[in-house]
Structure formats: structure tokens, C-alpha cells
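Examining the three-dimensional arrangement
Residues per chain, in single letters:
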Amino acid sequence: MKARHLFIFIGLLFSCQNEKSKEAESLQLVSSGTFLTFDLDDSTANISTGLQYFKGDEEYLFNANWETNSLQSYSLKDGKMVKNLVFDREGPNGVGDVFGFYVQSMDSIFLFNPPFTSRINLVNSEGKILQRIDYQIPEGGGSAFVHNAFMISPPVVTGNLLAVNHRFPANIREMTSEELSTNTFGYQIDLSSGETTYFNHFFPVDYLKSGIKSIDFSRAQGKDKVVYSLHGDHQLYYSSAFDLPLRSIAASSSYLDENLSSIQPGGSPEEFQRYAFASSRYGSILYDSYRNVYYRFAFPTLTDITSEEIRELRNAPGPFAVMVFDKDLNLITERFFDGGSYWPDNSFVGEKGLYLSINHPDNPQNKEDQMSFELLELK
């Protein structure tokens, strides 16, 4: 009798697992037809140099304006600007050039300068400087690299430690794959002392095996793992902590070439442009804490395209795909988007789902005085 109950229990268990598997497989990334629109002033472009969604007492979208050296916040409730913090570049209240930012709370906002600097400014919601953090760039490393609209990699605050990516000084045309594999993706900064500690996360040993590749990458912090997406690698790399080694998992897009492109030394400028803008590659990976999933952007190879058309891709991105992975990095679904409708680097995750900018210059809904996003839902 007990054995019979055991078999029934096991059968029910597998049945539940199969139902969950079928449910995950049936999920799709669906255009909702719902839009968020923010009214812009004359000094703000509708293509952002940096975005971050933040939920406090209300939902906000923060936007970096490099031209005015400012950080703006908009209300998702009514699409209006709430605050426009304009920062001095020099002087007693100067913060330098605002290149990237991270909103930890409404009164704890980190401002990051362009590469080759080693200071972070912590400000409050009124723009008042709370702390100047001078940190030690580790030997062989580069300064903190925080960009909110390219290979997005939000800093991670753990206690008194701030985890950031870096761009180490190197000539990638002369670097071997073995040399690259001795470099880490970033480090943690002690916010009190400015001391730094490298991640135990290194570039793959075979990344440059086929030739020169971009070493740009994106990082996402999930509930129980940190995940990396590299420009020229199908795999995802992950670890449960910054001081533990990385593991890898197959994560190929069905829209990308099986063998990702590389460039041989001595390649022409045109070949580099074709590689950077028109060849199969991966972009940002974003974590959705509301659904516990990851979104990975993938860009397919564009064939029969002229040099002039390749240059135009800088200002008018082509087609792309968005892959959705579950908490264990299993692929749930993947959706392809034709070029001409969305600006993929201007995307963010909110409580309701993934938002993609519709401010592509070829999109008839694009308006210069508005920043607009369409909601994509996973259902």
C-alpha cells in the first residue's frame, strides 16, 4: 500500500514538473500596444545616453543628459519630468562629466565619470554631494566603466562594497587569447577606504582563438547569480558570487551565425565597422526581478549591405532578437524584431515588463519632443 502511494506521489510530481515545463515553453514575449511617453524639454534628445528604472514611493525613469551634464527623473504615472539635476563640472560643487549613474535610492545616487578617472560622487535627490569616493584603480586595471545605454551593467552594492565593470588598458589587436584570460571583468570598491578587489571572473581562455573580437560585455545581477553576456560568445557565464569562479552554459540565439565573426590583424576600417555593426553579436543582458528572468539582446548578420548602410546603423539600428532565460538560464522564448521600429539600447525593465524605445528614426510614431517606450509582456 505504501509503495502504491509512493508511485502515485512520484507520478504527480513528474506531472507537475511537466506542466511547469509546458507552461514555460508556451510563454511568449508579446507587444502589449501599451506605451509610456515622456515629454522632453528643448535640451533633451529622445535617444538617451543613459536610463534607469527605479521604484520608490512611485515609479520613476532616470535619464542622463550628457549635453547639459544633468540627471533627470520622470514619473511613469503622468510622463512628466519630476526633477532636473544639473551638475557643475568644476569648482567646489563640481562632479566632472556625468557619464554613468546608479540610483540605489532616491537619496543615494552614484555618479560616474568617463574612463581614466578614479572618483565617484554620491549625491542625494536634490543634487547635493554627500560623499566623494576616491578609489584605487588596481594594478593592470582600468577605471570603473558604467554606461546606462550600452552593454548595460548596473553596479551592485553589497554592504560597503560597490561592484563595477572596468576597461583595462590593452591593445586587443596584439593580445593573445591566453593573455586576455588573465583579465577579470571588474572589481569591488570599498566605499570607505577606496581599496579595490578584483572579481574572480575572468575572460574565457578561448575567446580570441579565431581572431580579434570585441571584448565588450554586459553583466546582470540576478536573485542568486551574476550573469555575463559577451559580444562575441554564444555562451552565458555566471557565478553565485564575485569571489567565486565562473561557469558557462550554452545560450545560442537561433538568429545568429553558428560561428561568430572575428577579424584578423591588419583588417581595414571598413571590415571593423562591418564586424561591429553588421555581424552576428550579442548586446546587453537585463535582469527582471519581478519575473525572475533575464533578457538578452542578439543582433543577426546583415548581408548584401553597403559601406554607407553600415555607417548609417550607428544612427538607425537594424533588426535584433530578444532572448528570455529563466532563473537557471534555460531559454524560455526568443522573439525577432525587424529594423526600423525600436532602439534596442534604450530599454529597461519595469514592474509590468520589458520596455523598448520606439524612437527609431524610421518609426512613424517617433517624435523628437517625446521619449516613448512600448511595453513587452511575458505571457
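Being a predicted model, the structure only gives us computed values, none of them experimental. (Residues numbered from 1 in each chain as written. Predicted model: local features only at pLDDT ≥ 70, side-chain atom pairs only at ≥ 80, totals over all residues. Heavy atoms only, no water.)

**A word on the overall build of the protein**
Helix and strand content of the protein: 4 helices and 24 strands. Relative to the globule expectation of 21 Å for 379 residues, the C-alpha radius of gyration of the protein, 22 Å, shows essentially globular dimensions. Within the protein, buried positions represent 49% of all 379 residues. Summarising the internal contacts of the protein: among those between residues at least 6 apart in sequence, 53% fall at separations of at least 24. Surface summary for the protein: the accessible area is close to 18,400 Å², and the carbon and sulfur share equals 50%. (Helix = DSSP H or I, 4+ residues; strand = E, 2+ residues; numbered from the N terminus. Rg over C-alpha atoms; globule rule 2.2 N^0.38 Å. Buried < 20%, exposed > 50% of the residue type's maximum accessible area, 1.4 Å probe, protein only. Contact = heavy atoms within 4.5 Å. Areas by Shrake-Rupley, 256 points an atom, 1.4 Å probe, with all protein chains shown as cover.)

**Some details on the side chain of glutamate 334**
Relative to the helices and strands, glutamate 334 is located in strand S21 (residues 331–337). Polar side-chain contacts of glutamate 334 include one of 3.1 Å to the side chain of serine 254. Those residues within four positions of glutamate 334 in sequence are excluded, and the remaining contacts are Ser253, Ser254, Tyr255, Ala321, Val322 and Met323. (Polar contact = N/O pair within 3.5 Å; in protein donor to acceptor, adjacent residues only side chain to side chain.)

**Section: the layout of surface pockets**
Looking at the second largest pocket, its volume works out to about 700 Å³. Considering the residues around the second largest pocket, the lining is formed by 29 residues, among which Gln52, Tyr53, Tyr102, Pro154 and Tyr287 are closest to the centre. Mapped onto the lining of the second largest pocket, the elements with two or more residues apiece are strand S2 (51–55), strand S6 (100–105), strand S14 (217–221), strand S18 (281–288) and strand S22 (343–350). Broken down by element, the lining of the second largest pocket gets its largest block of residues, 5 residues, from S2. Taken together, the residues of the lining of the second largest pocket break down into 18 nonpolar, 8 polar and 3 charged. (1 Å grid on protein atoms, 1.4 Å probe; cavity = no way out; pocket = protein on both sides within 12 Å on 5 of 7 lines; lining within 4 Å. Points joined across faces, edges and corners; volume = space filled by probe spheres on them. Nonpolar A, V, L, I, M, F, W, Y, C, P; charged D, E, K, R; others polar.)

**Quick notes on the packing of aromatic side chains**
Applying the stated criterion to the full structure yields 25 aromatic pairs. On the numbers, 6.2 Å between centres and 10 degrees between planes, the contact of tyrosine 53 with phenylalanine 348 is stacked. With tyrosine 53 in strand S2 and phenylalanine 348 in strand S22, this residue pair connects regions lying 295 residues apart in the sequence. Residue tyrosine 53 is classed as buried on the basis of its relative accessible area, which comes to 10%. For phenylalanine 348, a relative accessible area of 4% corresponds to the buried category. Ring pairs connect the aromatic residues Phe38, Tyr53, Tyr74, Phe348, Tyr355 and Phe373, which therefore count as one cluster. Stacked on the ring of phenylalanine 145, the Lys or Arg arginine 167 has its end atom at 4.1 Å from the ring centre. (Phe/Tyr/Trp six-rings, centres within 6.5 Å; stacked < 30°, edge-to-face > 60°. Lys NZ or Arg CZ within 6 Å of the ring centre and 35° of its normal.)

**What about the environment of tryptophan 66?**
Here tryptophan 66 shows up in the loop between strand S3 (59–65) and strand S4 (70–75). With relative accessibility at 30%, the residue tryptophan 66 sits in the partly exposed group. It is 28 Å that separates the C-alpha atoms of tryptophan 66 and threonine 196, two residues lying 130 residues apart in sequence. For tryptophan 66, the contacting residues outside a window of four places in its chain are Thr49, Arg89, Val98, Phe99 and His147.

**Some words on the pairing of S22**
Judged by how many residues are buried, S22 sits mostly within the fold: 7 of 8 residues are covered. Direction of pairing for S22 relative to strand S23 (residues 353–357): antiparallel, over a ladder of 5 bridges. Of the residues in S23, the one forming a bridge with glycine 350 is glycine 353. Hairpin connection between S22 and S23: a loop of 2 residues separates the two successive antiparallel strands. (Pairing = 2+ DSSP bridges.)

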